[in-house]
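This is what each chain is made of:
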Amino acid sequence: MKLDQRLTNVSVIGAAGKMGSGIALLMAHEMYLQKMNPQNAGKPFRLNLIDVNEEALDGLIEYLRSQSVKKGEKSIVMLRNIYANDSGLVENTEIIQKYVDGVMAIIRASTDMRMAEKSHLVFEAVVENIDLKIELFGKLNKLCGENTYFFTNTSSIPIHLLNNGAGLNGRIIGFHFYNPPAVQKLAEIIPARETRSDLKEMALEIGKRLGKKIYLSADVAGFIGNGHFLRDALHAISEVRRLQKEHSMSEAIYIINKVSQDLLVRPMGIFQLMDYVGVDVMHFISKIMNKYIDGEDLSDELIDSMYQKKVMGGQRSDGSQKDGFFKYERNRPVAVYDPENDNYVAFNENGFSEKLDRKIGDYPENWTPWKGLLT
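Residues numbered from 1 in each chain as written. Predicted model: local features only at pLDDT ≥ 70, side-chain atom pairs only at ≥ 80, totals over all residues. Heavy atoms only, no water.

## A few points about the nonpolar core
1) Next: Counting 57 residues, the largest nonpolar core has Leu-140, Phe-271, Met-274 and Phe-325 as the members making the most contacts within it.
2) Next: Among the elements that line this core, the one with the most residues is helix α9 (residues 225-243), at eight residues.
3) Next: Counting 48 residues, the second-largest nonpolar core is a separate cluster that includes Leu-60, Ile-106, Ala-125 and Phe-177. (Core = buried A, V, L, I, M, F, W, Y, C linked by side-chain atoms within 4.5 Å. Buried < 20%, exposed > 50% of the residue type's maximum accessible area, 1.4 Å probe, protein only. Helix = DSSP H or I, 4+ residues; strand = E, 2+ residues; numbered from the N terminus.)

## Quick notes on a nonpolar patch on the surface
1) Next: Residues Leu-186, Tyr-215 and Ile-224 make up a contiguous nonpolar surface patch of about 250 Å² in total accessible area.
2) Next: Mapped onto the secondary structure, Tyr-215 falls in strand β8 (residues 213-216).
3) Next: Take Tyr-215: its relative accessible area is 43%, and that puts it in the partly exposed class. (Patch = residues over 30% accessible without salt bridge, like charges linked within 9 Å, V, L, I, M, F, W, Y side chains within 5 Å. Areas by Shrake-Rupley, 256 points an atom, 1.4 Å probe, with all protein chains shown as cover. Salt bridge = Lys/Arg side-chain N within 4 Å of Asp/Glu carboxyl O.)

## Remarks on the packing of helix α11 (residues 270-277) against helix α12 (residues 279-292)
1) Next: Where α11 contacts α12, the two axes come as close as 5 Å, and the packing angle between them is 90 degrees. Judged on the interaxial angle alone, α12 and α11 are roughly perpendicular. Packed against α11, whose contacting residues are Met-274, Asp-275 and Val-277, the element α12 presents Val-279, Val-281 and Met-282 at the interface.
2) Next: By residue class, the composition of the contact of α11 with α12 is five nonpolar, no polar and one charged. (Axes fitted to C-alpha atoms, helices over the stretch in contact; angles between N-to-C directions. Parallel < 35°, antiparallel > 145°, perpendicular 65-115°, else oblique. Contact = heavy atoms within 4.5 Å. Nonpolar A, V, L, I, M, F, W, Y, C, P; charged D, E, K, R; others polar.)

## Things to note about the pairing of strand β4 (residues 121-124)
1) Next: Alternating residues of β4 divide into Leu-121 and Phe-123 and Val-122 and Glu-124, and every residue in both groups is buried.
2) Next: As paired elements, strand β1 (residues 9-13) and β4 share four bridges and run parallel to each other. Each bridged residue has a counterpart across the sheet, and for Ile-13 the counterpart in β4 is Glu-124.
3) Next: Relative to strand β5 (residues 149-152), β4 is paired through four bridges, and the arrangement is parallel. Within β5, the residue paired with Phe-123 across the bridge is Phe-151. (Pairing = 2+ DSSP bridges.)

## Quick notes on the environment of Ser-250
1) Next: With respect to the helices and strands, the residue Ser-250 is situated in helix α10 (residues 249-262).
2) Next: In the structure, Ser-250 is positioned 120 residues away from Ile-130 in sequence and 33 Å away in space, judged by C-alpha atoms.
3) Next: If we skip the residues at most four places from it in the chain, Ser-250 touches Val-336, Tyr-337, Asp-338, Val-345 and Phe-352.
4) Next: Side-chain polar atoms of Ser-250 contact the side chain of Ser-248, separated by 3.1 Å. (Polar contact = N/O pair within 3.5 Å; in protein donor to acceptor, adjacent residues only side chain to side chain.)

## Points about the packing of aromatic side chains
1) Next: Overall, the coordinates contain 13 aromatic pairs when judged by the stated rule.
2) Next: Look at Tyr-254 and Phe-347: their rings are 5.3 Å apart centre to centre, the planes differ by 80 degrees, and that puts the pair in the edge-to-face class. Pair noted here: Tyr-254 is in helix α10 and Phe-347 is in the loop between β11 (343-346) and α14 (352-360), with a separation of 93 residues, a long-range link.
3) Next: Each residue in the set Phe-123, Phe-151, Phe-175 and Phe-177 is aromatic and connected to the rest through ring pairs, giving one cluster. (Phe/Tyr/Trp six-rings, centres within 6.5 Å; stacked < 30°, edge-to-face > 60°.)

## So, the pattern of salt bridges
1) Next: Tallied over the full model, the rule gives 16 salt bridges.
2) Next: Residues Lys-355 and Glu-251 are paired through a salt bridge, measuring 2.8 Å at the closest nitrogen-oxygen approach. Of this pair, Lys-355 sits in helix α14 while Glu-251 sits in helix α10; the two residues are 104 residues apart in sequence, bridging distant segments of the chain.
3) Next: The class of Glu-251 is buried, set by a relative accessible area of 12%.

## Observations regarding the pairing of β8
1) Next: Alignment of strand β7 (residues 186-190) against β8, held across four bridges, turns out to be parallel. By the bridge assignment for β8, Ile-189 is matched with Leu-216.
2) Next: Read as a crossover between parallel neighbours, the route from β7 over helix α8 (residues 197-209) to β8 is right-handed. (Right-handed = clockwise from strand over helix to strand, strands pointing away.)

## Brief notes about the sheet that holds strand β9 (residues 326-329)
1) Next: Across the sheet, three strands lie side by side as β9-β10-β11; this open sheet has antiparallel pairing. The strands lining the two open edges of the sheet, one partner per strand, are β9 and β11. Here the strands of the sheet are splayed against their neighbours by 40 degrees on average, with no regard to which way each runs.
2) Next: Sheet topology note: the strand β10 (residues 332-338)/β11 ladder contains four bridges and is antiparallel. The partner of Tyr-337 across the bridge, within β11, is Tyr-344.
3) Next: With respect to the sheet, α11 is in contact with β9 and β10, its orientation differing from that of β9 by roughly 75 degrees.

Right, here's the structure in full:
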């Protein structure tokens, strides 16, 4: 079955989550463009969005509608070409509304996984838990046809473990979108040794159509992105402990975060990045990589402790940042977590941040912040 035929019926499992909602948005737009291709006239297209949280699914529908309006506004020239034969569409607002209605018409949302039964492609974006994913794929394997292909958004679990655990016979490939999927250009494709060759080619073609910069990764725990990120994060925590000879842990976290942002010229510091990814996600990634990579200790008691205390980070459904290593107001850090006392220390409390900024000292004369390099 060719890709265009498979795109007539697609499911996203875990669709109401941060990653799932972005994947759903990308697939909804691509599928609608396929539907509008004259060669597909009369063919039904269905995008099945499945999640255990019914309330979150309602929010997902509103998200997809509002984002489709923005997509339509940015794509008005293309849409005028698509609807060139529709004499009833004159104003841009009419064209955009036509587009939004068309995108939303192919979408179905439910908490019932049986809706995926007739899907030719299934994207999975549930929590990073190997047992849960194997159980889920096992159910999908029984539910869907033997020609269904599966894409997992896992960021760390070796694909061969999911393939063998669920008995998928090479019908699964890793397709790791970066957060948020609708914005980030980067994506990793991870074929297992058992992955069918046509599925690998199909994944590459989907990445191309979605405008992604694709990197092929070996099927090793953590792949490319998290292989680097977790080690980067663990090194930062080790530097915090080194600084604790002179500073409290909260002070050390502030210093390492600021230095890693400013002097490594990043959009956010390493501890802000940990918050963005989610301390809970880091906890799961660490457990997986530590289990399946020999010769390294890829765990840390600070991450485990924060996970147990439910200091999780991550984002809410509206995109706002949850508190983790930092406390946030309007997505900006305003206080740093003190793991020793389980509270937050405000940046402006008794000159906290000013004192530490002086300790860091002046930057080189030719220093340029990250934003300055964008101009």
